[in-house]
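Spelled out, the chains give:
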Amino acid sequence: MAVALKTIGSFCNTQQQCLHSTRDRILYGYSHSNTKECKSKNAKRPAPLCVKATSTKVELDFSDPSWKQKFQEDWDERFNLPRITDIYDDLKPRPTTFSLKKKRTPRSDEDSTPMDMWNGYVNNDDRALLKVIKYSSPTSAGAECIDPDCSWVEQWVHRAGPRKEIYYEPEEVKAAIVTCGGLCPGLNDVIRQVVFTLETYGVKNIVGIPFGYRGFFEKGLKEMPLSRDLVENINLAGGSFLGVSRGGAKTSEIVDSIQARRIDMLFVLGGNGTHAGANAIHDECRKRKLKVSVVAVPKTIDNDIPLMDKTFGFDTAVEEAQRAINSAYIEARSAYHGIGLVKLMGRSSGFIAMHASLSSGQVDICLIPEVPFTLDGEYGVLQHLEHLLENKGFCVVCVAEAAGQELLQKSGATDASGNVILSDIGVHMQQKIKMHFKGIGVHADVKYIDPTYMVRACRANASDAILCTVLGQNAVHAAFAGFSGITSCICNTHYVYLPITEVITSPKRVNPNSRMWHRCLTSTGQPDFH
């Protein structure tokens, strides 16, 4: 019985040229390389708290003593991982070929522990807790409650890692890797680790699909044979060794290509849209009863995929964004009445802007899409800029690209992935600030910095490189364990597997009631602009 939970109320707030030359020779036969949180006076009172759990078949009543049991039954069903054995009942596992225990003859005084006694495997019944904070009240900062009393309910998810038994013969496997969407730091790190781990299992036939899903159907794009020797140093460069693109053909056409190529494992690196595509491919493969494991690895600098702590590329993007903020700070402080304005990526969430503002410690105003603001008026951003110039002499503003879209004219256009093309809040604010200070006869020197593509085209930093390494390895472990339609991620500091269906419901957004946003407000000292 699937129970869909619905909440109503306010408590649940929610060496690069060489590498690319090698790639081009393989793909095309030639190389391109030489050619303080304040309440508004008019703030609305929160709606009365009303919490319900509903379904087309059942409605949960939190006064029912058995509601926790019903919730956990639904949770276990939703987070049960799809496996190829769901459609192949008679498929039998075999002992794994993955082991890090070196084969050598032990000395007479050594314990000759058998290979199968090596305690390096994860049991299929191992679980990790998704949440660990027990909130005493819905009014606690950042509270994520299921019922009005904030009852403690354990939410377990599957632990990631190698299993003792596998469902593929490694020497017969053909594995493919594809990178989709926009660029992101760490793509090459994941590709590298997927190849390394596949070879550790004994897989010899590994290919890369060029330029995203497009590589499955675009004429002239050939799959790229991959090996440890070929990918050994690709992590030293940014971008994607395989290339990326947005959009793609119909799911049926992609699965036709997978079937024709005799691919057994598909590793998909991408964000929200790419995950939705991977899930559609998984569903179509099941419909055709194909023994294909589709495993995703979450990639987005926006960090907007729900349930997981973070996606790879985010830490590096924040670090690079901090460099832009530091430049804006130097420019603003060095000018008379200088205003440094930095626009950062964040299509639907303000995680980069918030974390970069926190890490830099130089931002006076941080604007994100989750928190509405006004530019004009007594409580507007422009009025606070006047205050900062008068008292401090300069200031730095950081704005997420999706912030303040309600203040701009919408174009209605979409990109190849179907994402709405946002209006440019950075340019709009630059012009408004200049016009405002000119209008009141006060000199203001606005320095506008837009590092949009710079923060995603660089090599992964140490933190992201570690994350990419583990996610890539775990993706391969998942495929050999027979899982499909799942993503390899990190939740509550532990590496786990989640069904793709649970991470594509809606983008993760900054919770304005969270402690992290409160910390950001404490750092900037900004008032409420709404």
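Data block above holds the structure.
None of these values were measured; they are calculated from a predicted model.

The rules we used
- Residues take numbers from 1 onward in each chain, read along the sequence in its written order.
- A pLDDT threshold of at least 70 governs which residues receive local features in this predicted model, and a stricter bar of 80 or more applies before side-chain atom pairs are shown or counted, although totals over entire chains, interfaces and linings include all residues.
- Side-chain measures were taken over the full set of non-hydrogen atoms in the model, leaving aside hydrogen atoms and water.
- Put simply, DSSP marks the helices as runs of H or I at least four residues long and the strands as runs of E at least two long, and each gets a number from the N terminus on.
- When a residue's accessible area, from a 1.4 Å probe over protein chains only, is under 20% of the maximum for its type it is buried; when over 50% it is exposed; and in between it is partly exposed.
- Only heavy atoms matter for contacts: two residues are in contact if any of them lie within 4.5 Å across the pair.
- Think of a nonpolar core as a cluster: buried Ala, Val, Leu, Ile, Met, Phe, Trp, Tyr and Cys residues, connected wherever their side-chain atoms sit within 4.5 Å.
- Throughout, the edges of the domains are those of an automatic or database domain assignment.
- Classification of ring pairs uses Phe, Tyr and Trp, with its six-membered ring standing for Trp, and accepts pairs whose centres are within 6.5 Å; under 30 degrees between planes counts as stacked, over 60 as edge-to-face, and the remaining range as tilted.
- Two cysteine sulfurs form what is called a disulfide whenever their separation falls within 2.5 Å.
- N or O atoms within 3.5 Å of each other form a polar contact, as long as, within protein, one can give a hydrogen and the other can take it, and as long as residues adjacent in sequence are counted only when both atoms are side-chain atoms.
- Each axis is a line fitted through C-alpha atoms, taken for helices only over the stretch in contact, and angles between the N-to-C directions span 0 to 180 degrees.
- Should the near helix be turned anticlockwise from the far one by less than a right angle, the crossing is left-handed, and should it be turned clockwise, the crossing is right-handed.

**Some points on the side chain of Ser348**
Then step 1. As for its placement among the helices and strands, Ser348 is situated in the loop between β13 (338–344) and α8 (351–360).
Then step 2. You can call Ser348 buried: its relative accessible area is 18%.
Then step 3. Other than its neighbours up to four places away in sequence, Ser348 contacts Asp304, Pro369, Glu370, Ala402, Pro507 and Arg509.

**Overview of the nonpolar core**
Generally speaking, soluble globular proteins have nonpolar side chains that are buried together.
Then step 1. If you look at the biggest cluster of nonpolar residues, it comprises 79 residues, and the most contacted ones within it are Ile177, Leu198, Leu226, Met265, Phe267, Phe312 and Phe480.
Then step 2. Counting residues per element, this core draws most heavily on helix α7 (residues 314–334), which supplies nine residues.
Then step 3. Two domains share this core, each providing at least three of its residues, namely domain 1 (165–311 + 460–491) and domain 2 (314–458 + 513–524).
Then step 4. Membership of the second largest hydrophobic core comes to 22 residues, among which are Leu385, Leu388, Met429 and Phe437.

**Remarks on the packing of aromatic side chains**
Then step 1. All told, the structure shown has eight aromatic pairs when counted by the stated rule.
Then step 2. Consider the rings of Trp75 and Phe79, whose centres lie 4.0 Å apart with planes at 25 degrees: the pair is stacked.
Then step 3. According to the relative accessible area criterion, Trp75 is buried, its value standing at 5%.
Then step 4. Judged by centre distance (5.8 Å) and plane angle (55 degrees), the rings of Phe483 and Tyr497 are tilted. On the criterion of sequence distance, the pair formed by Phe483 in the loop between α11 (462–480) and β17 (486–491) and Tyr497 in strand β18 (residues 494–499) is long-range, its members being 14 residues apart.
Then step 5. Looking at Tyr497, the relative accessible area reads 0%, which means it is buried.

**Remarks on the state of the cysteines**
Then step 1. This structure, assessed with the given rule, holds one disulfide.
Then step 2. Residue pairing for Cys145: its cysteine sulfur links by disulfide to Cys150, the two sulfurs lying 1.6 Å apart.
Then step 3. Classification of Cys150 by relative accessible area gives buried; the value is 4%.
Then step 4. In this structure Cys458 is a free cysteine whose sulfur lies 9.1 Å from that of Cys184, the closest cysteine sulfur available.
Then step 5. Cys366 provides the cysteine sulfur closest to Cys520, a residue in no disulfide bond, and the two sulfurs are 4.1 Å apart.
Then step 6. Residue Cys520 is classed as buried on the basis of its relative accessible area of 0%.

**What about the side chain of Ser245?**
Then step 1. Here Ser245 shows up in the loop between α4 (228–231) and α5 (251–261).
Then step 2. When its relative accessible area of 13% is taken as the criterion, Ser245 is described as buried.
Then step 3. Reaching out from Ser245, the side chain makes a polar contact with the backbone oxygen of Phe211 at a distance of 2.6 Å.
Then step 4. Residues contacting Ser245, with those up to four places away along its chain left out, are Thr179, Cys180, Gly181, Phe211, Gly212, Tyr213 and Arg214.

**Considerations on unusual backbone geometry**
Then step 1. Here the phi dihedral of Arg262 falls at roughly 60 degrees; this positive angle occurs in a residue that is not glycine.
Then step 2. Within the secondary structure, Arg262 sits in the loop between α5 and β11 (265–270).
Then step 3. Taking the relative accessible area as the measure of exposure, Arg262 reaches 67% and is therefore exposed.
Then step 4. Phi is positive for His337, close to 55 degrees, though the residue is something other than glycine.
Then step 5. Looking at the secondary structure, you find His337 in the loop between α7 and β13.
Then step 6. With a relative accessible area of 15%, His337 lands in the buried category.

**With respect to the packing of α5 against helix α6 (residues 272–287)**
Then step 1. At a minimum axis separation of 9 Å, α5 and α6 run at an interaxial angle of 65 degrees. Along this stretch, α5 crosses α6, giving a crossing that reads as right-handed. Facing Thr251, Ile254, Val255 and Ile258 of α5, the residues of α6 in contact are Ala280, Ile281, Glu284 and Cys285.

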